[in-house]
Amino acid sequence: MIKYLIVGLLLTTNVWAQSLDKIVAVVNDEVILESDLQDMEQTIRQQIRQRDAAMPPSDILRKQVLERLIMQRLQIQEADKVGIRVGDDALNAALKQIADKNQLTLRQFRDVLEKDGYDFSQFRETIRDEMIIARLRKSQVEDRVVVSDREVDNFLATQKIQDGGQVEYDLQHILISLPEAASPEEVQAAQEKLEKVQALLKEGGDFSQVAAGYSDGQNALEGGELGWRKQGELPSLFADVVPTLAVGEVSQPLRSGSGFHLVRVKDKKSEDVHLVKQTLASHILIKTNELTTDEEARQRLEKLRERIVNGEDFAELARANSDDTGSAIDGGSLGWVSPGVMVPEFEEKMNSLAVGEMSEVFKSRFGWHLIKVFDRREENMAEEYQRSKAREQIRQRKIDEEMETWLRSMRDEAYVEYRNP
């Protein structure tokens, strides 16, 4: 009863004065007006024309547009319940981004919209609603989707079967041979030789040199090189083992009729080569807080920089002074840094430095930094890239499924009444 009283109040205060603006639907305690439907329909028609797509029949288009309006209204209502808002500052920033993408000032963008027949105030509120809905979907669906490593592994395994396994491996091999019908003494001697080879490799011996000195394989003198082999070209003894090895890793001994085998993955590649420029860098961070002002943090780091310039060790000063506890223990080392890992202001400063160069003191959102670059390289991150891409594909699929369920549940639980069939 209360619901209908509220709807009646809405009719009296917001709608009745607009005698020509009919109600086309009631969504919980709100109404959708004919003017709302016509505005949305006009926008959709224009988008269809811009795509140069076939225009649906008017009655079907009208029905689809009305359903979209209903779902938008339901999501705005849900966002209001959970306290999601978009303030004017965030809205203005989003509008400026849209204008920038169109290479226009905000004023020029407004003029273009009004010239095309759009009311700018109404456009602002449309963008606000879209931002609210995006935040709602993120909090209620997207942020709750989890993709496990096992799902990624299974996805990539299936993909490998489907695409024929295009990974190639550069292999090295050591064979400790056994004669046919080997005696226990011969097996014992071969095992002792194998253990010696494993000990040499464990101590850091070069695989090629160890192979040349101890392997009974045909390619011993070539350092045990087997060359590049595709997945389908691997010897059956190696087929299940090689794909599990990292680059540089040596297998456990594999027994066959010909003896004991050790196989090493020297390198691997796929048809997807994804080269990434990485930087080996260290930094010192001084944070600001209740006890350390912005200016004090800057001055403190300036003094540290001066000490390094005068010959003191960067790593030692990082250990003693850096507020980044994770890297401080390693002398400020960040390891090999790939693009996109650091915040933009940090990455920009790091990329501007030559190898061996130290930055000036600069500020990021985390505090004041000092960076030193030690080396750079190009790394083939194809495997990491494939895993990242697979994870995102799985995540997007799960989001689509969860989103459909969430929206359907919201629609099923809502009160929706059509007033103008």
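See above for the structure.
Structural notes, computed from the coordinates. Because the structure is a prediction, the values reported are computed rather than measured.

1. Section: the overall build of the protein chain
Looking only at helices and strands, the protein chain features 14 helices and eleven strands. Over its C-alpha trace the protein chain gives a radius of gyration of 33 Å, far above what one expects of a compact globule, namely 22 Å for 421 residues. C-alpha extents for the protein chain along the principal axes are approximately 105 × 65 × 45 Å. Considering the protein chain as a whole, with its 421 residues, one finds that 34% of them fall into the buried category. Counting contacts in the protein chain only where the partners sit at least 6 residues apart, residues at least 24 apart contribute 65% of the total. The protein chain carries 57 positive and 76 negative side-chain charges, and their two centres are separated by 4 Å.

2. Structural notes on the pairing of strand 1 (residues 23-27)
In terms of residue burial, strand 1 counts as a mostly covered element, since five of its five residues are buried. Between strand 1 and strand 2 (residues 30-33), which pair antiparallel one after the other, the connecting turn spans two residues, and Asn-28 there sits at a positive phi close to 55°.

3. Focus on the pairing of strand 10 (residues 367-380)
Sheet analysis places strand 7 (residues 275-286) next to strand 10, joined by twelve bridges and oriented antiparallel. Across the sheet, residue Gln-278 finds its bridge partner in strand 10, namely Arg-377. Relative to strand 10, strand 9 (residues 362-364) is paired through three bridges, and the arrangement is antiparallel. Among the inter-strand pairings, Ser-364 is bridged to a residue of strand 10, identified as Gly-367. Between the end of strand 9 and the start of strand 10, which pair antiparallel, lie two residues.

4. Structural notes on the environment of Lys-230
Counting through the fold element by element, Lys-230 comes out in strand 4 (residues 225-230). With relative accessibility at 34%, the residue Lys-230 sits in the partly exposed group. Each C-alpha atom, one on Lys-230 and one on Lys-269, is 9.5 Å from the other, the two residues being 39 residues apart in sequence.

5. Things to note about the sheet that holds strand 10
Taken in spatial order, the four strands of this open sheet run 8-7-10-9, and their pairing is antiparallel. Edge strands, defined here as strands with exactly one partner in the open sheet, are strand 8 (333-337) and strand 9. Looking at each pair of strands side by side, their axes are set apart by 40° on average, direction ignored. Direction of pairing for strand 7 relative to strand 8: antiparallel, over a ladder of three bridges.

6. Comments concerning the pattern of salt bridges
Scanning the model with the defined rule gives 31 salt bridges in all. With a closest N to O distance of 3.7 Å, Glu-345 and Arg-365 form a salt bridge. Linking Glu-345 in helix 13 (residues 344-351) with Arg-365 in the loop between strand 9 and strand 10, this pair joins segments that are 20 residues apart in sequence. For Glu-345, a relative accessible area of 27% corresponds to the partly exposed category. Of the charged contacts, one joins Glu-379 and Arg-377 as a salt bridge, the two residues approaching to 3.6 Å between their closest N and O atoms. Residues joined in a network through salt bridges with shared partners are Asp-88, Arg-124, Glu-125 and Arg-128.

7. Looking at the side chain of Ser-322
Assignment of secondary structure puts Ser-322 in the loop between helix 11 (314-321) and helix 12 (325-328). Residue classification places Ser-322 among the buried residues on the basis of a relative accessible area of 9%. Within the structure, the side chain of Ser-322 is placed 3.2 Å from the backbone nitrogen of Leu-285, a separation counted as a polar contact. Beyond its immediate stretch of four places on either side in the chain, Ser-322 contacts His-283, Ile-284, Leu-285, Leu-317 and Ala-328.

8. Considerations on the packing of aromatic side chains
Taken as a whole and assessed by the stated rule, the structure comprises three aromatic pairs. Aromatic side chains Phe-346 and Phe-362 sit 6.0 Å apart centroid to centroid with 55° between the ring planes, which places their arrangement in the tilted category. Of this pair, Phe-346 sits in helix 13 while Phe-362 sits in strand 9, and the two are 16 residues apart along the sequence. A residue is classified by how much of its surface remains accessible, and Phe-362, at 8% relative accessible area, is buried. Ring pairing ties together the aromatic residues Phe-109, Phe-120 and Phe-123, which thus form one cluster. Looking at Lys-269, its charged tip hangs above the ring of Trp-228, at a distance of 4.5 Å from the centre.

How each quantity is defined
Residues numbered from 1 in each chain as written. Predicted model: local features only at pLDDT ≥ 70, side-chain atom pairs only at ≥ 80, totals over all residues. Heavy atoms only, no water. Helix = DSSP H or I, 4+ residues; strand = E, 2+ residues; numbered from the N terminus. Rg over C-alpha atoms; globule rule 2.2 N^0.38 Å. Buried < 20%, exposed > 50% of the residue type's maximum accessible area, 1.4 Å probe, protein only. Contact = heavy atoms within 4.5 Å. Lys, Arg positive; Asp, Glu negative; His and termini not counted. Charge placed at Lys NZ, Arg CZ, Asp CG, Glu CD. Pairing = 2+ DSSP bridges. Axes fitted to C-alpha atoms, helices over the stretch in contact; angles between N-to-C directions. Salt bridge = Lys/Arg side-chain N within 4 Å of Asp/Glu carboxyl O. Polar contact = N/O pair within 3.5 Å; in protein donor to acceptor, adjacent residues only side chain to side chain. Phe/Tyr/Trp six-rings, centres within 6.5 Å; stacked < 30°, edge-to-face > 60°. Lys NZ or Arg CZ within 6 Å of the ring centre and 35° of its normal.

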